[in-house]
Amino acid sequence: KVLIGGGFTSYNGTTRNRIARLNANGSLDASFNPGSGASFFIRSIALQPDGKVLIGGSFGSYNGTSRDGIARLNADGSLDASFNPGSGVNGTVFSIALQPDGKVLIGGGFGSFNGTSRIRIARLNADGSLDASFNPGVGASSFVYSLALQPDGKVLIGGQFNFYNGTFRNRIARLNADGSLDASFNPGVG
């Protein structure tokens, strides 16, 4: 099956606000019902091994429940209330990466997560709370559009930034597992 997200409000004539699941032949999977769905664009989707679905974007709610920029859905499309990001992000989540331990990396165009300064990148615990052990300092100087988790726990980020935590890194950088810049990865002028 295929999960799709974006700015749409229907799929093949059936209301589906910004998220839907398709069968292998492209038809709508009616067993995945998001209700009223996301209130605005979904920019990223990550499927957990347990079938739950993480969504990131510029939405403020999901199926009528406040969820700013990040939410987790059950396999049937309903909101997973056990994942509670509090007030979420104050901007847009463009990318999500799942760690093997269940923690969630998010990157985007935000300046805080649940009221704590996290500039354009953060790591969440499996319950949606902020993982304070991942501290990016002043973070990326502009949007983080993509994240990739390496097998060793380091994180590659790409985006519109020129600096990461005050060090020049033109649009690509690698971070250590604690959110600090990995100085051994130096792309030069990027």
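It should be noted that the structure appears before, not after, this text.
## Digging into the overall build of the chain
Then, number 1: Across its full length, the chain holds 0 helices and 19 strands.
Then, number 2: In terms of C-alpha radius of gyration, the chain reaches 17 Å, essentially the compact-globule figure of 16 Å for 190 residues.
Then, number 3: Taken along the three principal axes of its C-alpha coordinates, the chain extends 50 × 35 × 25 Å.
Then, number 4: Sequence separation of at least 24 residues holds for 32% of the intrachain contacts in the chain that already meet a minimum separation of 6.
Then, number 5: Accessible surface, the chain: about 8100 Å² in total, of which carbon and sulfur atoms supply 51%.
Then, number 6: The distance from the centre of the 16 positive side-chain charges to the centre of the 11 negative ones in the chain is 7 Å.

## Some points on unusual backbone geometry
Then, number 1: Unusually for a residue other than glycine, R18 sits at a positive phi of about 75°.
Then, number 2: Assignment of secondary structure puts R18 in the loop between β3 (14-15) and β4 (19-22).
Then, number 3: Look at R18 and you get buried, because its relative accessible area is 14%.
Then, number 4: In this structure, R171 is a non-glycine residue whose phi angle is positive, near 75°.
Then, number 5: Tracing the chain through its elements places R171 in the loop between β18 (167-168) and β19 (172-175).
Then, number 6: A relative accessible area of 42% means that R171 is categorised as partly exposed.

Basis of the calculations
Residues numbered from 1 in each chain as written. Predicted model: local features only at pLDDT ≥ 70, side-chain atom pairs only at ≥ 80, totals over all residues. Heavy atoms only, no water. Helix = DSSP H or I, 4+ residues; strand = E, 2+ residues; numbered from the N terminus. Rg over C-alpha atoms; globule rule 2.2 N^0.38 Å. Contact = heavy atoms within 4.5 Å. Areas by Shrake-Rupley, 256 points an atom, 1.4 Å probe, with all protein chains shown as cover. Lys, Arg positive; Asp, Glu negative; His and termini not counted. Charge placed at Lys NZ, Arg CZ, Asp CG, Glu CD. Buried < 20%, exposed > 50% of the residue type's maximum accessible area, 1.4 Å probe, protein only.

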